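One-letter residues, chain by chain:
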Amino acid sequence: MDNSFFSINTQFENVGDALINREMIQLAAENSNVFVDFSRCPLEFVDTLDLNNNVNLSAVKGGFLGLCFKMLKMRFKGQACYYFLSPGGYFGEVKGKELLNKLLTTVILLLMSLVGIKICHVGVSYERLGARFSLLTRFRSLFLSSHIVRDKLTADYLASNKIKYDFVGVDLAFNLFGLERPRGNDVFVSFRCDQDERQFELAKAIVVKLHSLLPADSSIVFYSQVSRDSVYMKDMHAYFNLNYSSVRSFEYLGVHGDIDGSLTVLSRAKCIISNRLHVLLMASSKGACVVPCVLDGYNQKIEGIMSDLIGDSCLDMTDIDSESFKYLWDLNLSISDKAFLAKEKLANDFRGIYGN
């Protein structure tokens, strides 16, 4: 049987990042023996993998170095070995210590590939790469065994920058989708407001429009599953609770670092309005309809992934007149049908990585 290796290091307080790493490991475990370096993982993340009940999944001691020794030992015995890089969104520039770390990592990955270890990067998107980061990504792409991006916008971006990739796949979060689920009763609002100084006021304006459309017995929940979003959602909850609580019920909920806890909370959602990709996908996996929000190119991964599912139906946060918002709200957009197909594609893509 093939062997897959992971050294997990991500923003575990960001439930979406933890989720896609978990789903990547579980998909690999359906096709291979899996060995994971958990040295940088919180116990809560390790618990979600249920190691005791997954016969194909093992923890490796000794950190990344221990994982490398395990890979080399198995490779020199002639066994097929696959090393998976972190999925998710990549953007911006690298410099200083971060640049040195990425250069060192690239050398290590190149050496791995030269001894026959297959380097895989799946469920990934890129946008707004700086010159150094783009050059480094272009070089790495030359020796990746599998480079599967998660949306067509990313594919077009890589092609324009002469960065090699294999094909367009789907986001790893689609592995969550299963049987059709009944929707909850509450309307959830979840925004990141740290990318642009306008985001908080624009998000607040969206909720004002939402409040004008909803019947009085509909509750609005301000939700965060990334710690840096909490202050904004708490402030927004305080504002609406102060000014509109005589009309309807408002609530704040935050779940950070707990994948299953987040899914439980999101099962309450009838609809989710957000500019957080994995908030949208996780709520949708529990039956919620979606209103994806974007602003001036900051949320290209949402545009790319959602356009593949529901066409050009993202809400521009700078264009929230009553008619445009009401139009999207009335569409009652559900991605469930296409999400099931995306899950099937994800499983097929992973079988293809191993040549199955």
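This write-up is about the structure you can find in this document. The structure displayed is predicted, hence computed values, not measured ones.

1. Here's the deal with the sheet that holds strand S12 (residues 269–274)
Here is step 1 of the chain: Strands sit in the order S11-S10-S9-S12-S13-S14 across an open sheet of six strands; the sheet is parallel. Each having just a single partner strand, strand S11 (250–254) and strand S14 (315–316) make up the two edges of the open sheet.
Here is step 2 of the chain: Pairing geometry for strand S9 (residues 186–190) and strand S10 (residues 220–224), over three bridges, is parallel. Residue pairing in the sheet places valine 189 in a bridge with phenylalanine 222 of S10.

2. Structural notes on the pattern of salt bridges
Here is step 1 of the chain: Counted by the stated rule, this structure contains 14 salt bridges.
Here is step 2 of the chain: Measuring nitrogen to oxygen at the nearest pair gives 2.6 Å for the salt bridge that ties aspartate 171 to arginine 150. With aspartate 171 in the loop between strand S8 (167–168) and S9 and arginine 150 in the loop between strand S7 (146–149) and helix H6 (152–160), this residue pair connects regions lying 21 residues apart in the sequence. Residue aspartate 171 shares its accessibility class with arginine 150, and that shared class is buried.
Here is step 3 of the chain: A salt bridge links arginine 268 to glutamate 251; its shortest N-O distance comes to 2.9 Å. Of this pair, arginine 268 sits in the loop between helix H9 (259–266) and S12 while glutamate 251 sits in strand S11, and the two are 17 residues apart along the sequence.
Here is step 4 of the chain: A residue is classified by how much of its surface remains accessible, and arginine 268, at 31% relative accessible area, is partly exposed.

3. Things to note about the packing of aromatic side chains
Here is step 1 of the chain: Enumeration over the complete set of coordinates arrives at 18 aromatic pairs.
Here is step 2 of the chain: An aromatic cluster is defined as three or more aromatic residues linked by ring pairs; in this entry it consists of Phe6, Tyr82, Phe84, Phe350 and Tyr354.
Here is step 3 of the chain: Positioned above the aromatic ring of tyrosine 239, the side-chain terminus of lysine 204 is 4.2 Å from the ring centre.

4. Regarding the environment of alanine 342
Here is step 1 of the chain: Along the chain, the position of alanine 342 falls in helix H13 (residues 336–353).
Here is step 2 of the chain: Here alanine 342 falls in the buried class, since its relative accessible area comes to 8%.
Here is step 3 of the chain: Between the alpha carbons of alanine 342 and alanine 173 there is a distance of 9.8 Å; along the sequence they are 169 residues apart.
Here is step 4 of the chain: Beyond its immediate stretch of four places on either side in the chain, alanine 342 contacts Val170 and Phe174.

Reading guide: rules and limits
- Residues numbered from 1 in each chain as written.
- Predicted model: local features only at pLDDT ≥ 70, side-chain atom pairs only at ≥ 80, totals over all residues.
- Heavy atoms only, no water.
- Pairing = 2+ DSSP bridges.
- Helix = DSSP H or I, 4+ residues; strand = E, 2+ residues; numbered from the N terminus.
- Salt bridge = Lys/Arg side-chain N within 4 Å of Asp/Glu carboxyl O.
- Buried < 20%, exposed > 50% of the residue type's maximum accessible area, 1.4 Å probe, protein only.
- Phe/Tyr/Trp six-rings, centres within 6.5 Å; stacked < 30°, edge-to-face > 60°.
- Lys NZ or Arg CZ within 6 Å of the ring centre and 35° of its normal.
- Contact = heavy atoms within 4.5 Å.

Structural measurements only, silent on function.
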